[in-house]
Every structure is written in structure tokens, then in C-alpha cells.
Amino acid sequence: MTAAPADFARARSEFLSIDTPRVEDGAAIWRIARDSEVLDLNSSYSYLLWCRDFAATSAVARGEDGEPIAFVTGYIRPDRPETLVVWQVAVDQAHRGKGLAATLLDALTARVAADQGLSCVETTITPDNTASDRLFTSYAQRHDVALEQEVLFDGGLFPEGTHLPEVLYRIGPFAA
């Protein structure tokens, strides 16, 4: 399913800007992740570090008050410098269902492509996360690039023993 242009226009009207996160955004990003009830929640400290060390490969959407209402965190794979790994995507409950995650993902990948080049986007998704599956499948369709899926980490590798497998979504290559 592909988001319609009207969905993107509606999403854009719900926030003031998309930009790079600042350290001061770490607490709000942590709260959005916690309240998502689907993301693996990292420590609040890790979100502060993410905003400091990976701001160039992450993005936030800000509401009218300037506070983050959605975010995408990512990093460049050390062994593949033109591959952006999307770590987490979350939208505050009050702003869901408006195409904001797709708009944010498009903005981030366009920025990374312009700043340092981009040939591929990767992320991992558990089989029960249909919202993320739809987000990344529609992203590949919008950008007319291939989407490959394979199990990256079998559920048995996780110490808690009840984790679902993490499926790697590899999107690309993008045209130069």
C-alpha cells in the first residue's frame, strides 16, 4: 500500500519542521519510543547519545511548540558506507495515521543521499510488526527500488528466549 500525495500533504500540515535531533530532544524521543508500546525501549541515556552521535543520520518532526512528535534514528553501516540502517521509527500517539512516518523517512533518506550518498536502506522488523512492514514496503514502492527480506537474527539468538526473529529488509539499490 502506497501513501497518497494527499496523505503527505496532510502529514506536513501537522508539524512545523523536520530536522536533525539535538541532545535536548533525547528525553522526548525516549518518551515517544516508550509510549509506542512496540519498540524495544533503549535506556534514556542511549537516546541522548543517539541525538549527539548520530544526529546526521536521524531526523525528528517538530510540532507547533518545537517539541519532537516523531523520529527516525539511523546510522551508516561501518562496512558499507553508502548503507543507512534505520534503527527506530516512532510517531507520537496523537499524530499517528497521517503519513508522518513515511514523510520523515523520505526526508531523512533524501538528506543522507544529498550529504554523503546512499545506495541502500536497511532495517530489521519482527514478523508481527505490520505497521513497519507497510512503512518500508511502501517506501520501496514510492522510490521504485527492490525490497529483499531475509532473517537476520533467529529468535533463539536472543537471551530472553521469547524474541521473534528479526527480518532484515534491504531496500535498493538507488539510482546514482
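Because the structure is predicted, anything quoted here is derived from the model rather than measured.

Novice: An account of the overall build of the protein is needed here, citing residue identities and associated values.
Specialist: Along the backbone of the protein there are five helices and seven strands. For the protein, the sequential pattern of α-helices and β-strands runs α-β-α-α-β-β-β-α-β-α-β-β. Taken over the C-alpha trace, the protein has a radius of gyration of 15 Å; the compact-globule value for 176 residues is 16 Å, and the two agree within 12%. Here the C-alpha coordinates of the protein stretch approximately 45 × 35 × 30 Å along the principal axes. A burial count over the protein gives 42% of its 176 residues as buried. As displayed, the protein has an accessible area near 9,300 Å², and 54% of this comes from carbon and sulfur atoms. Placing the 15 positive and 26 negative side-chain charges of the protein at their respective mean positions leaves the two points 4 Å apart.

Novice: So, a nonpolar patch on the surface: which residues are in play, and what are the values?
Specialist: A cluster of nonpolar side chains, contributed by Leu152, Phe153 and Leu157, occupies part of the molecular surface with about 290 Å² of accessible area. With respect to the element layout, leucine 157 can be found in the loop between strand S6 (147-153) and strand S7 (166-171).

Novice: Run through the packing of aromatic side chains, naming residues and quoting values.
Specialist: Under the definition given, this model contains seven aromatic pairs. Aromatic pair tyrosine 47 and phenylalanine 71: ring centres 6.5 Å apart, planes at 80°, arrangement edge-to-face. Of this pair, tyrosine 47 sits in helix H3 (residues 44-53) while phenylalanine 71 sits in strand S3 (residues 68-77); the two residues are 24 residues apart in sequence, bridging distant segments of the chain. Both residues of the pair, tyrosine 47 and phenylalanine 71, count as buried.

Novice: Help me get a handle on the environment of valine 60, residues and values and all.
Specialist: Here valine 60 lies in strand S2 (residues 59-62). Discounting chain neighbours no more than four positions away, the residues touching valine 60 are Ser17, Ile18, Asp19, Thr20, Pro21, Asp25, Ile29, Pro68, Ala70, Phe71 and Leu104.

Novice: Run through the pattern of salt bridges, naming residues and quoting values.
Specialist: Charged atoms that come close allow side chains of opposite charge to pair. One pass over the structure, following the stated rule, counts twelve salt bridges. Put simply, arginine 62 and aspartate 25 hold a salt bridge, and the shortest N to O gap is 2.6 Å. With arginine 62 in strand S2 and aspartate 25 in the loop between strand S1 (17-19) and helix H2 (26-36), this pair connects stretches of sequence that are 37 residues apart. Neither residue differs from the other here; arginine 62 and aspartate 25 are each classed as buried. For glutamate 122, the salt bridge is made with arginine 170, and the minimal N-O distance between the two is 3.1 Å. Linking glutamate 122 in strand S5 (residues 120-125) with arginine 170 in strand S7, this pair joins segments that are 48 residues apart in sequence.

Rules of the game
- Residues numbered from 1 in each chain as written.
- Predicted model: local features only at pLDDT ≥ 70, side-chain atom pairs only at ≥ 80, totals over all residues.
- Heavy atoms only, no water.
- Helix = DSSP H or I, 4+ residues; strand = E, 2+ residues; numbered from the N terminus.
- Rg over C-alpha atoms; globule rule 2.2 N^0.38 Å.
- Buried < 20%, exposed > 50% of the residue type's maximum accessible area, 1.4 Å probe, protein only.
- Areas by Shrake-Rupley, 256 points an atom, 1.4 Å probe, with all protein chains shown as cover.
- Lys, Arg positive; Asp, Glu negative; His and termini not counted.
- Charge placed at Lys NZ, Arg CZ, Asp CG, Glu CD.
- Patch = residues over 30% accessible without salt bridge, like charges linked within 9 Å, V, L, I, M, F, W, Y side chains within 5 Å.
- Salt bridge = Lys/Arg side-chain N within 4 Å of Asp/Glu carboxyl O.
- Phe/Tyr/Trp six-rings, centres within 6.5 Å; stacked < 30°, edge-to-face > 60°.
- Contact = heavy atoms within 4.5 Å.

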